[in-house]
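Residue strings, one per chain:
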Amino acid sequence: MWLLVFSFLLMSAAQDNSSGKVLKGQECAPHSQPWQVALFDRARFNCGASLVSPYWVLSAAHCQTRHMRVHLGEHNLRKRDGTEQLRTVVRIIPHPGYVARTHVNDLMLLRLARPARVSPRVRPATLPARCPRPGDPCVVSGWGLVSGYESEATGSPESQVNLPNTLHCANISIISDASCSKDYPGHLMDTMVCAGVEGGGTDSCEGDSGGPLVCRGILQGIVSWGDVPCDTTTKPGVYTKVCRYMDWIRDTMRRN
């Protein structure tokens, strides 16, 4: 039985210092995802997001909190290396049609008090001119749960799940709507897109919500929901399909 989750991203297995093994995900090359945003609720890390213009950040509506702060140029959340830019949020605009129960229209825009300083390590993602196609290669990134494996005394592997300090990336691809609908019958909308790998094991997970799915250099998805537990499921993750919302995104940024 699968459950919908409200806070969910990169549960692809990653480098685990205690086990020394790398599964299908790994730490991103530092600042290789310059649009990646870390959203904080006061001092607590909450979600991922994407910079889409110097003044605007795009995330999932289910990531909304009362006291949101934006961190740009981050790699290791526990260290400062001089590339970070901290911004306050002056306007939170969730999609007016967002429904938490079904995850439909799961996106929101955040207006920053001051614009981001665009640099090689902080720059907006490219928004889509077309929708993604099945098989398109993508990268999902976030500071959400990652898993590694250790051997117990019996010799059998034991999953080790933890929150990393550094940004992690996983290579996945777009899954066809027909295939994904078989995994989530009756729950997939045409404003959602699925992505994963054959056989599962690389996916978004808790803590990755709101983060970017970038396919062929284009921001095509926002981490939204999926099956749990995300470290063992074979079902793909489900993302808000950005291409379906370009009119709303452009209109909202222009009017605010």
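Residues numbered from 1 in each chain as written. Predicted model: local features only at pLDDT ≥ 70, side-chain atom pairs only at ≥ 80, totals over all residues. Heavy atoms only, no water.

For the protein, an unreviewed UniProt entry supplies the name Kallikrein related peptidase 15 and the organism Pipistrellus kuhlii. Taken verbatim from the UniProt record of the protein, the Subcellular location (unreviewed entry) comment is "Secreted". Quoted verbatim from the Sequence similarities (unreviewed entry) field of UniProt, the annotation for the protein is "Belongs to the peptidase S1 family. Snake venom subfamily." (UniProt positions renumbered as here; feature names shortened; annotations may be inferred.)

Caption draft 1: Highlighting the pattern of salt bridges. Tallied over the entire structure, the rule returns four salt bridges. Here Arg44 makes a salt bridge to Asp41, at a shortest N to O gap of 3.6 Å. On the basis of relative accessibility, which here comes to 47%, the residue Arg44 falls in the partly exposed class. The partner of Asp136 in a salt bridge is Arg216, and the shortest N-O contact between them spans 3.2 Å. Here the residue Asp136 occupies a position in the loop between strand 8 (108–112) and strand 9 (137–142), and Arg216 occupies one in the loop between strand 15 (212–215) and strand 16 (218–225), the gap between them amounting to 80 residues. (Salt bridge = Lys/Arg side-chain N within 4 Å of Asp/Glu carboxyl O. Buried < 20%, exposed > 50% of the residue type's maximum accessible area, 1.4 Å probe, protein only. Helix = DSSP H or I, 4+ residues; strand = E, 2+ residues; numbered from the N terminus.)

Caption draft 2: Seen up close, the environment of His67. Looking at the element boundaries, His67 is found in the loop between strand 5 (56–59) and strand 6 (68–72). With 26 residues separating them in the primary sequence, His67 and Asp41 have C-alpha atoms 5.3 Å apart. Within polar-contact distance, the side chain of His67 engages the side chain of Arg42 at 2.9 Å. (Polar contact = N/O pair within 3.5 Å; in protein donor to acceptor, adjacent residues only side chain to side chain.)

Caption draft 3: Just the packing of aromatic side chains, in detail. Evaluation of the coordinates by the stated rule reveals three aromatic pairs. Where Phe45 meets Trp143, the ring centres are 5.9 Å apart and the plane angle is 70°; that geometry is what we call edge-to-face. Taken together, the residues span a long stretch of sequence, with Phe45 in strand 4 (residues 44–53) and Trp143 in the loop between strand 9 and strand 10 (146–151) at a distance of 98 residues. Taking the relative accessible area as the measure of exposure, Trp143 reaches 2% and is therefore buried. An angle of 65° between the planes, with centres 4.9 Å apart, marks the rings of Tyr184 and Trp225 as edge-to-face. Linking Tyr184 in the loop between helix 1 (177–183) and strand 13 (192–196) with Trp225 in strand 16, this pair joins segments that are 41 residues apart in sequence. Of the two residues, Tyr184 and Trp225, neither departs from the other in class, the shared state being buried. (Phe/Tyr/Trp six-rings, centres within 6.5 Å; stacked < 30°, edge-to-face > 60°.)

Caption draft 4: Seen up close, unusual backbone geometry. Of note, the phi angle at His103 is positive, near 65°, even though the residue is not glycine. Position of His103 among the secondary structure elements: in the loop between strand 7 (85–94) and strand 8. You can call His103 buried: its relative accessible area is 1%. For Asn105, which is not glycine, the phi torsion reads 55° and is therefore positive. Examined against the element boundaries, Asn105 turns out to sit in the loop between strand 7 and strand 8.

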